[in-house]
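Okay, here's what each chain looks like letter by letter:
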Amino acid sequence: STLKEGRNSMAHLKAAWDGERKKLPTDDMILGSALHVAFLEPELISSKVIVWDGGRRWGTAWNKFKTEHAGKYILTANQNVALIGMIRALRAHPEVRSWLSKIEHVEVCSRGDVFGVPFKARCDALTTDPLIDLKMTNDASPRAVTQTAITFGYDLQAFLYTQLFNRDRFMLLCVEPEPPYDVVPYELSPAFLRVGKYIAGDLINQVKWCMENNRWPGRSEQAITLEPPEWHIPQELSEVIV
């Protein structure tokens, strides 16, 4: 996650490294975390997940409930319905079922060097063959997941994970949080992994330079001229704007 920030700038990476770029958990993030527990560590669900059925989350009762269950993932009644639907769909999927018997460890960490830089990674599920990364996504279509993989740097993550966990294959196990709770397993192709390797190498070289020079530049140290994209230019102006 820290290295991914380097795609913005080395200043962003350094801020993440120093713990300054923290995100407050959203409802989707909380439901996604509960999904990981319920599917990968079901024996822990009673100690890590609880449902609030008191309606709107406000007032004295809500504040008391939140305090009493601090540290747990608190779901609304609707979120709990979604969680149950996703778990049933995941367990019913034939490809997913074939993986369950091959899981060696869940939520497992690994440390190691990649291109001479130490890394730590946490894998959702380590099987005897692929690495599995469980993702809740509103749109599990190939087009949407491809765009998400590029936007969030799953190619970079996949390459690093294959190196740190000594595996050749990286799977995104995607499930939608609404009926029919569609489940789609995606394997990142060798081409995706090659792109991830290239991006990782470039970012790591930048990190090494920053550490040697004690400089962590932002996106640009010079003024940038912005040009309007083609879709923003009115048709009557398209021939005169250069």
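Figured I'd write up the structure that's included with this text.

1. Describing the pattern of salt bridges
In a structure, side chains of opposite charge can pair up when their charged atoms sit close to one another.
Point 1. Evaluation of the coordinates by the stated rule reveals nine salt bridges.
Point 2. For Arg167, the salt bridge is made with Glu104, and the minimal N-O distance between the two is 2.8 Å. Of this pair, Arg167 sits in the loop between helix H9 (154–164) and strand E6 (169–175) while Glu104 sits in strand E3 (residues 103–114), placing them 63 residues apart in sequence.
Point 3. A relative accessible area of 40% means that Glu104 is categorised as partly exposed.
Point 4. By sharing partners, the salt bridges in this structure join Asp129, Arg169 and Glu187 into a single network.

2. Some points on the side chain of Asp133
Point 1. Here Asp133 lies in strand E5 (residues 130–136).
Point 2. Here the side chain of Asp133 touches Gln157 through a polar contact of 3.3 Å, side chain to side chain.
Point 3. If we skip the residues at most four places from it in the chain, Asp133 touches Asp124, Gln157, Phe170, Met171, Leu172 and Leu173.

3. As for the packing of helix H3 (residues 27–40) against helix H6 (residues 77–92)
Point 1. Close contact between H3 and H6 brings their axes to 10 Å; oriented N to C, the two are set at 45°. The angle between the axes of H3 and H6 places the two elements in the oblique class. Like other packed secondary-structure pairs, H3 and H6 cross with a definite hand, here right-handed. Where H3 approaches H6, its residues Asp27, Leu31, Ala34, Leu35, Ala38 and Phe39 are matched on the opposing element by Gln79, Ala82, Leu83, Met86, Ile87, Leu90 and Arg91.
Point 2. Here the residues of the contact of H3 with H6 are counted per class, giving 10 nonpolar, one polar and two charged.

4. As for the pairing of E5
Point 1. When you tally the buried positions in E5, you get six out of seven residues, the bulk of the element.
Point 2. Pairing of strand E4 (residues 117–127) with E5 involves two bridges; the strand directions are antiparallel. Within E5, the residue paired with Leu126 across the bridge is Leu131.
Point 3. Following E4, the chain reverses through two residues before pairing antiparallel with E5.
Point 4. The pairing of E5 with E6 spans seven bridges and is classified as parallel. The residue bridging Pro130 from the neighbouring strand is Arg169, located in E6.

5. What about the pairing of E4?
Point 1. Among the 11 residues that make up E4, eight are buried, leaving the element largely enclosed by the rest of the structure.
Point 2. In this structure, E3 lies alongside E4, joined through 10 bridges in antiparallel fashion. Paired with Ile103 across the strands is Thr127, a residue of E4.

6. A closer look at the environment of Ile84
Point 1. Among the secondary structure elements, Ile84 is positioned in helix H6.
Point 2. Judged by its relative accessible area of 38%, Ile84 falls in the partly exposed class.
Point 3. Between the alpha carbons of Ile84 and Ala38 there is a distance of 8.8 Å; along the sequence they are 46 residues apart.

7. Some thoughts on the packing of aromatic side chains
Point 1. For the structure on display, the rule yields seven aromatic pairs.
Point 2. Centre to centre, the rings of Trp52 and Trp62 are 5.2 Å apart; their planes meet at 65°, and the pair counts as edge-to-face. Here Trp52 is found in strand E1 (residues 49–52), whereas its partner Trp62 is found in helix H5 (residues 59–68), with 10 residues between them in sequence. One exposure class covers both Trp52 and Trp62, and it is buried.
Point 3. Plain terms: the ring middles of Tyr161 and Phe170 are 6.0 Å apart, the flat faces sit at 80° to each other, and that makes the pair edge-to-face. Residue Tyr161 shares its accessibility class with Phe170, and that shared class is buried.

Calculation criteria
- Residues numbered from 1 in each chain as written.
- Predicted model: local features only at pLDDT ≥ 70, side-chain atom pairs only at ≥ 80, totals over all residues.
- Heavy atoms only, no water.
- Salt bridge = Lys/Arg side-chain N within 4 Å of Asp/Glu carboxyl O.
- Helix = DSSP H or I, 4+ residues; strand = E, 2+ residues; numbered from the N terminus.
- Buried < 20%, exposed > 50% of the residue type's maximum accessible area, 1.4 Å probe, protein only.
- Polar contact = N/O pair within 3.5 Å; in protein donor to acceptor, adjacent residues only side chain to side chain.
- Contact = heavy atoms within 4.5 Å.
- Axes fitted to C-alpha atoms, helices over the stretch in contact; angles between N-to-C directions.
- Parallel < 35°, antiparallel > 145°, perpendicular 65-115°, else oblique.
- Left-handed = near helix turned anticlockwise from the far one by under 90°.
- Nonpolar A, V, L, I, M, F, W, Y, C, P; charged D, E, K, R; others polar.
- Pairing = 2+ DSSP bridges.
- Phe/Tyr/Trp six-rings, centres within 6.5 Å; stacked < 30°, edge-to-face > 60°.

What is shown is where atoms sit, not what they do.
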